[in-house]
Amino acid sequence: MVHEVSLCRALAASVTRASKGRRVEAVHVDVGQLRQIVPDAMAHAWVFVVRNTSLDGAELRLNPIPAVLACDDCGAEIELGPELGFACHACGSASTHVASGEEFTLTAIDVSEDLGAVKGEP
Amino acid sequence: MGRFHRHDDGTVHSHDHDDHGHGHDHPHDHAHDEALAELIGDHSGYQTGRERIEILEDIYAENDRLAEDNRTALDAAGVRAINLMSSPGSGKTTLLQRTLAQLEGTVRVGVIEGDIETPLDAERLNGFGAQISLLNTGNGFGGECHLDAPMIATAMKGLDLSELDLVIIENVGNLVCPAEFEVGEHAKAMVYSITEGEDKPLKYPVMFRSVEAICINKMDLAPYLDFDMELFRRNLAAVNPTARVFELSARTGEGVNEWISWLTDPNS
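As the structure is a prediction and not an experimental result, all values here were calculated from the model.

Could you give an account of helix H2 (residues 39-50) of chain A, naming the residues involved and the relevant values?
All names here are of chain A. Between the first and last C-alpha of H2 there are 16 Å, a value that for 12 residues agrees with the 16 Å anticipated at 1.5 Å per step. Among the residues of H2, those classed as buried are Met42, Ala43, Ala45, Trp46, Val49 and Val50. Mapping the buried residues of H2 onto a view down its axis gives an arc of 165°, with all of them on the same face. Residues of H2 that are buried in the fold lie against helix H1 (4-19) and strand E2 (59-65). One or two residues past the end of H2 sits asparagine 52, with phi positive at roughly 60°.

Before we move on, could you go through the nonpolar core and cite the residues and values that matter?
All names here are of chain B. Ranked by internal contacts, the top residues of the largest apolar core, which has 61 residues, are Ile152, Val167, Ile169 and Cys215. A per-element tally of this core places helix H5 (residues 149-156) first, with 5 residues. Cysteine 215 has contacts with Leu95, Val191, Tyr192, Phe246, Leu248 and Trp259, leaving out every residue within four places of it along the chain.

Just give me the short version of the sheet that holds strand E3 (residues 68-71) of chain A, but keep the residues and values in it.
Backbone-to-backbone hydrogen bonds join strands into a sheet, with any given pair of strands oriented parallel or antiparallel. Residues and elements named next belong to chain A. The strand order across the open sheet built from 3 strands is E4-E3-E5, with neighbouring strands paired in antiparallel fashion. The outermost strands of the open sheet, each flanked by one partner alone, are strand E4 (77-79) and strand E5 (96-100). Each strand of the sheet is rotated relative to its neighbour by a mean of 35°, with strand direction disregarded. Taken together, the 4 bridges between E3 and E5 define a ladder with antiparallel strand orientation. Looking at the pairing, leucine 69 lines up with valine 98 of E5.

Could you give an account of the sheet that holds strand E8 (residues 244-247) of chain B, with specific residues and numbers?
Residues and elements named next belong to chain B. As summarised here, the arrangement of the 7 strands in space is E4-E3-E5-E2-E6-E7-E8, forming an open sheet in which the pairing is parallel. Since the sheet does not close on itself, it has two edges, and those belong to strand E4 (131-134) and E8, each with one partner. Direction aside, the axes of adjacent strands within the sheet are offset by 20° on average. Here strand E3 (residues 109-113) pairs with E4 via 4 bridges, running parallel. Note that in E4 the partner of glutamate 113 across the bridge is leucine 134. Across the sheet, helix H9 (residues 256-264) lies against strand E2 (80-86), strand E5 (166-170), strand E7 (213-217) and E8, angled at about 145° from E8, the strand it touches most.

The rules behind these values
- Residues numbered from 1 in each chain as written.
- Chains lettered and ligands numbered in written order.
- Predicted model: local features only at pLDDT ≥ 70, side-chain atom pairs only at ≥ 80, totals over all residues.
- Helix = DSSP H or I, 4+ residues; strand = E, 2+ residues; numbered from the N terminus.
- Expected span 1.5 Å × (residues − 1).
- Buried ≥ 20, exposed ≤ 12 C-beta atoms within 10 Å, placed from the backbone.
- Arc of directions from axis to C-beta.
- Contact = placed C-beta atoms within 7 Å.
- Core = buried A, V, L, I, M, F, W, Y, C linked by C-beta atoms within 7 Å.
- Pairing = 2+ DSSP bridges.
- Axes fitted to C-alpha atoms, helices over the stretch in contact; angles between N-to-C directions.

And the structure:
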C-alpha cells in the first residue's frame, strides 16, 4: 500500500469538516499527473478509510490534471508526455518549471439530506 | 466494495479521458442513486436536496504547514536538515554509518531513523556519538511508505537540537511516496545504486527531480556489472539537470568525502 491511504485520511477529514453533518454523495478531487496517484489504489483506499464513518458510501471522483511544463527562457508551455523529460521541448532550455500537474485539491462535494446521528469521524 | 460505486468506464482511473469534468451526468449515477434510495428505504425522489458545495482545499496544506513549523524550529537552533531517500537496498544505512563515522568529533549529527527493518539496523548507527531518534513507521497501515511532517515533528522531540549542527532524516526505502511529502528539510538527497538499472530516473521522475544531490552508490561493483554510467547520467539530466552527483562506494569509502562536504556545506 502506498501513500494513497494517507491522502484518503487527510481528504476524509477535510470532507467531513466541509459537509457540516449532511450526507456526502460524491467527493470531487483534482489530481495532478505528477502526484503519482494510482487511481485504483486511491479508490480502494477510500473505501477502507471511510467505512463505518459518516462518509461511508460517498463516491470518490478523481479529475486528472495533466502535467504542464513552462519554459523560463522561451515561455513555451508543453504538456508532459509519458517520457517526462523536463527540458523545454521547444528551445531545449533546462530552466523550466511545472505550471500544473502537482494538484491534490478537494474542489467540491455533493451533499444531500442531513445525516442526523453521525456514525463516527473518519 | 459495499455501497461504494466505482465507475468501470474509466472515470476514476483514466488519465486520458479529460472530458469527464465535474458535474457530468454519468449513466451509472441513476442506477447508483436508485440503489442507494432502495437501501435507505426512500423511493420518493432521493435526489431532492442534493447540492454541490464548492471547496478549494489543498490536501497537502496541513502537512506543508507542519513542515514549515519543523523548518522554523531547525533554523532557530541553527541546524541543517537533509531528507535522505532511496529505494530499498540501495545502501542508505551503510552510507549513513560511514557518514557518521567520518563526521564524529567535528560535526554534531542527529539521525531521524524512519527505515528500520530490524533492530540490527539501529545498532549499526550506534557508537558514533550521534543522537538517534527512532520512528516507528509500522503503526497503522499505510504508515510505512513514507515519512510526513507530523511524524518528523514527533521524532524531533527525541533530539536535543541545541546540541546539533546537522540532522539526517533517513526516509523509508521507496522511490514514490517520500517525494510527495515535505517534512521540513533544507534539502532532499537520495542514494541510488548502480545495481538498480539506468532507467530509474525516467521511471521515478518526481523523486529524481525533487533532490539536490544524488549519491551513486556501490561503485566498487562496477567491474562486475554492465552498468552504463553515460546512459544513467543522460536519463538523470533529462529530469534533473542541476543535481549534484557523487559517485561513491559506501562499503569502501571511496568518493564519500565529496558527499560529506556537500552535507555539511551545500555550497562546497
